[in-house]
Amino acid sequence: MKMNRRGFLQRSGAAMAGSILPVSLVKLAFGQEQGGQDFTFAYISDSHIQQISGARFVRNWDQGLKRAVAEANLLEPAPDFVVFGGDLAQLGTKAELDHGAEMLSALRYPLYCVMGEHDYYLDLGEYWSELFGDHYYSFDHKGVHFVVLNSILTYDEWTYERWETPERRMLEMAGLDNPNGSPFMVGERQREWLRNDLANVPRSTPIVVLSHSPLQKIYKGWNFWTEDAEEVQAILAPFEKVTVLYGHVHQIQYNQIGSISFHSAMATAWPWPYPSTYAQSGAYVPVMTVPMNRADPFNERDATGWQFVDVHTGRVAVNYTLYDNKNRTVAFNAATGRPEDMEYQHPPRRIPPQAHY
Amino acid sequence: MRRVFLAVLGVAACTVVHADEFTEADLERWAAQFESVAQEGRRLWTSPELGTNGVACGQCHPNAANTHPETYPKFQKQLGRVAQMWEMVNWCIRNPLEGQDLDPGDARMTALLAYIAKERRGVALEPGKH
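Criteria and thresholds
- Residues numbered from 1 in each chain as written.
- Chains lettered and ligands numbered in written order.
- Predicted model: local features only at pLDDT ≥ 70, side-chain atom pairs only at ≥ 80, totals over all residues.
- Helix = DSSP H or I, 4+ residues; strand = E, 2+ residues; numbered from the N terminus.
- Contact = placed C-beta atoms within 7 Å.
- Buried ≥ 20, exposed ≤ 12 C-beta atoms within 10 Å, placed from the backbone.
- Core = buried A, V, L, I, M, F, W, Y, C linked by C-beta atoms within 7 Å.
- Expected span 1.5 Å × (residues − 1).
- Pairing = 2+ DSSP bridges.
- Axes fitted to C-alpha atoms, helices over the stretch in contact; angles between N-to-C directions.

### Points about the overall build of chain B
Helix and strand counts for chain B stand at 5 helices and 2 strands. Going from the N terminus to the C terminus, chain B shows its helices and strands as α-α-α-β-β-α-α. Considering only intrachain contacts with a sequence separation of at least 6, the fraction spanning at least 24 residues in chain B is 63%.

### Structural notes on the overall build of chain A
Looking only at helices and strands, one finds 9 helices and 16 strands in chain A. Going through the 357 residues of chain A one by one, you find that 52% of them count as buried. Restricting to contacts in chain A with at least 6 residues of sequence separation, those with at least 24 account for 72%.

### Some points on the interface of chain B and chain A
Each side of the interface is counted separately: chain B has 18 residues, and chain A has 17 residues. Of all the elements, helix H3 (residues 57-60) of chain B adds the most residues to the side of chain B that touches chain A, at 3 residues.

### A word on the nonpolar core
Of all hydrophobic cores here, the largest spans 115 residues; its most connected members are Ala42, Tyr43 and Val209 of chain A together with Leu112 of chain B. Per element, the largest residue contribution to this core is 6 residues, and it comes from helix H5 (residues 107-119) of chain B. If sequence neighbours within four positions are ignored, Val209 of chain A has contacts with Val147, Leu149, Leu215, Leu236, Val242 and Val244 of chain A.

### Examining helix H2 (residues 59-72) of chain A
Its 14 residues place the ends of H2 of chain A 20 Å apart at the C-alpha level, agreeing with the 20 Å of an ideal helix rising 1.5 Å per residue. Taken together, the buried positions of H2 of chain A are Trp61, Gly64, Leu65, Arg67, Ala68, Val69, Glu71 and Ala72 of chain A.

### Structural notes on the sheet that holds strand E11 (residues 254-257) of chain A
Paired through backbone hydrogen bonds, the strands of a sheet run either parallel or antiparallel to each other. Residues and elements named next belong to chain A. Pairing in this open sheet of 6 strands is mixed, and the strands run E7-E8-E9-E10-E12-E11 from one edge to the other. Either end of the sheet is taken by a strand with one partner, and the two such strands are strand E7 (137-141) and E11. Here the strands of the sheet are splayed against their neighbours by 20° on average, with no regard to which way each runs. Bridge count between strand E9 (residues 207-211) and strand E10 (residues 242-246): 5 bridges; the pairing is parallel. Within E10, the position partnered with Ile207 by the bridge is Val242.

### Focus on the pairing of strand E13 (residues 305-312) of chain A
All names here are of chain A. Burial analysis of E13 places 8 of its 8 residues in the buried class, which makes it a mostly covered element. Burial of the side chains of E13 extends over both faces: Gly305, Gln307, Val309 and Val311 are buried on one face and Trp306, Phe308, Asp310 and His312 on the other. Of the pairings in the sheet, the one linking strand E2 (residues 39-44) to E13 comprises 3 bridges and is antiparallel in character. The residue bridging Phe39 from the neighbouring strand is Val311, located in E13. The sheet contact formed by E13 and strand E14 (residues 315-322) spans 6 bridges and is antiparallel. Directly across from Gly305, in E14, lies its bridge partner Leu322. Count of turn residues in the E13/E14 antiparallel hairpin: 2 residues, of which Thr313 carries a positive phi of about 45°.

See the structure below:
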């Protein structure tokens, strides 16, 4: 399947009177020999809907999600479904989750949701579950096996004993750089579920894993990190084509570890700096990642967006819909065996705004 | 009388000489003063109290990253002129935080700038760099 982006942009441009929309599209393509077929889905993440008081919410973050939903609804051809990648709310309250769910309800497609830490640590995902269902699950779609994990769990002592109130626990986890936070993990119980879930899936079936945190270790200080990433990767490693799509980082990242491709999602709310730009971190980003452009804070939606995912021959192409920059596509390159930016991968092609410091 | 006068003069002279010197204890005290102001800056950075909508500086700038204090003063393309760091801090307070400007000499502004600089320690000055 081929996305008709020009048609999409023309339609959306006309509909939105020239404004630009933040959505990410993902295209998955499959070898016909596997009985699969190409398809696309939209991928919206990290909206951080934040209540001020009563019926007042932070306008800036509301606008990001509204725009992503409006643009996803204009996609042609229509995506098969939408994934919301987690952190719908800022502090996990019913008011925030309800307000976010109301905006998501305008989507014209089936919706699959991933749990984020901002959705979870107030009531441990109870109200989120009432709205969106199980914390982790799997489903099959056109020859691809999708797995949704709740990757933002942490140590029991931190979750159940350390904080005097649920509100305090939520606030401590909500600060990205808060030293009182705790590393994310999938946990043994869910890893066991994953092993069982994959037990009867043929090794040649393409697997797409949806998690909120990166199932790889990038920078622990900001939880760009999953504590048991290696254990989860080991469960996925025997499969020939695996793609992990994650949110949380509010920036473009991609990587390849063995047979596993990793892609991150933009946020609809606000962008985050790359960990390598925090002078005291000593952290880096995956070396193959061509960074997104540095954000212009004066353009409220700059460096935010969404993506559509194109699934083709069991591998993924992530199309980043960026508001004040040119859109980007990061696709699996069969020749090099890794995801690559379709325009900027070769170092001489890079542009000054991609230099972060 | 004369001896007393000379003695007083001697004490005064000693005081003048020693005013230019400082001790390890002084250094520790001054560093602690800076630390406490930078710590207050960190508290403000992660608190909603500078704005009116609950948004905090740290939401977009964990560890004050992506603020580039070493590049100021610099030409700020969005303002069309050379600007100082505190002007950009106030821009963020007014816009994403929907708050009111701080006076440049406000102790809270000093605390914010101290925190930003502390998180950026060790990075060479590059005034004017975009």
